[in-house]
Amino acid sequence: MSKGEGKRSSKKCLAYVAAFVVFQTTIILVFALTVMKVKSPKVRFNAMAVESFSSNNNNSINMRLLAQVTIKNTNFGHFKYQNSTLSILYNGVQVGEAIIPRGRASARKTKKFNISVDVSSEGLSGNDMNSGVLRLSSRGKVSGKVHLMKVIKRNKSGEMKCDWNINLATRQVQDLKCN
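Residues numbered from 1 in each chain as written. Predicted model: local features only at pLDDT ≥ 70, side-chain atom pairs only at ≥ 80, totals over all residues. Heavy atoms only, no water.

Per an unreviewed UniProt entry, the protein chain goes by the name Late embryogenesis abundant protein and belongs to Sesamum alatum.

Below is the structure:
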């Protein structure tokens, strides 16, 4: 073997090692920018219905709402969340409250569950009740941790802000919009 052949094979080996390092760096960079990017879950009302309804002459309304809540986890790891509170508001004043029980939304899945909320408008005044349409909104925050590959844990929270109307004549939920 001559001296020139040894230099060529070592240059070739060095070129292969350099190409492999560049390839691995590219794979790690793509993985870090896509899979490892942790996003906040999306919390929404999916459907809602009025289960029971009663009113009296003092413009006071009592009702029970049944709602389907969804927590959409777009991450590549599961989202484990704690107990949370969901508030139902009328003109910025709380008229109902529900507990979202702690749970887990699997990776890249949507967890759906039903809750019931008692709404009472005693002591509140408003023209909405006389117009036949009751404008309500909800606010809630679900906090927890996203677990990636059982090693990386990131604190994240999803917020719910929904507005809807209840037609008092038909007792139907209308115009449900969540941000």
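A side chain with one charge may pair with a side chain of the opposite charge, provided their charged atoms come close. Tallying each qualifying case throughout the model produces two salt bridges. Note that Asp 118 and Arg 64 form a salt bridge whose closest N and O atoms lie 2.8 Å from each other. Of this pair, Asp 118 sits in strand E7 (residues 110-120) while Arg 64 sits in strand E2 (residues 61-72), placing them 54 residues apart in sequence. With relative accessibility at 44%, the residue Asp 118 sits in the partly exposed group. Taking the shortest distance from any N to any O, the salt bridge between Asp 163 and Arg 139 comes out at 3.9 Å. Here Arg 139 lies in strand E8 (residues 133-148) and Asp 163 lies in strand E9 (residues 152-167), a separation of 24 residues in the sequence. (Salt bridge = Lys/Arg side-chain N within 4 Å of Asp/Glu carboxyl O. Helix = DSSP H or I, 4+ residues; strand = E, 2+ residues; numbered from the N terminus. Buried < 20%, exposed > 50% of the residue type's maximum accessible area, 1.4 Å probe, protein only.)

Together, Lys 80, Arg 102, Arg 104, Lys 145, Lys 150 and Lys 153 make up a positively charged patch on the protein surface. Position of Lys 145 relative to the elements: it lies in strand E8. Since its relative accessible area comes to 38%, Lys 145 is described here as partly exposed. (Patch = residues over 30% accessible without salt bridge, like charges linked within 9 Å, V, L, I, M, F, W, Y side chains within 5 Å. Areas by Shrake-Rupley, 256 points an atom, 1.4 Å probe, with all protein chains shown as cover. Lys, Arg positive; Asp, Glu negative; His and termini not counted. Charge placed at Lys NZ, Arg CZ, Asp CG, Glu CD.)

Okay, the state of the cysteines next. Evaluation of the coordinates by the stated rule reveals one disulfide. Bridging Cys 162 to Cys 178, the disulfide has an S-S length of 2.0 Å. On the sign convention where negative is left-handed, the bridge of Cys 162 and Cys 178, at about 105° about the S-S bond, is right-handed. Here the residue Cys 162 occupies a position in strand E9, and Cys 178 occupies one in strand E10 (residues 172-178), the gap between them amounting to 16 residues. By relative accessible area, Cys 162 is classed as buried at 0%. (Disulfide = S-S within 2.5 Å.)

This model, assessed by the stated rule, comprises two aromatic pairs. Judged by centre distance (5.6 Å) and plane angle (90°), the rings of Phe 45 and Trp 164 are edge-to-face. Taken together, the residues Phe 45 in strand E1 (residues 42-55) and Trp 164 in strand E9 connect sequence positions 119 residues apart. Residue classification places Phe 45 among the buried residues on the basis of a relative accessible area of 6%. Judged by its relative accessible area of 2%, Trp 164 falls in the buried class. Centroid distance Phe 79 to Tyr 81: 5.7 Å. Interplanar angle 25°. Geometry classified as stacked. (Phe/Tyr/Trp six-rings, centres within 6.5 Å; stacked < 30°, edge-to-face > 60°.)

Once that is clear, we can look at the side chain of Ser 138. Mapping Ser 138 onto the fold places it in strand E8. When sequence neighbours within four positions are dropped, the list of residues in contact with Ser 138 reads Phe 45, Leu 86, Ser 87, Ile 88, Met 160, Lys 161, Cys 162 and Trp 164. (Contact = heavy atoms within 4.5 Å.)

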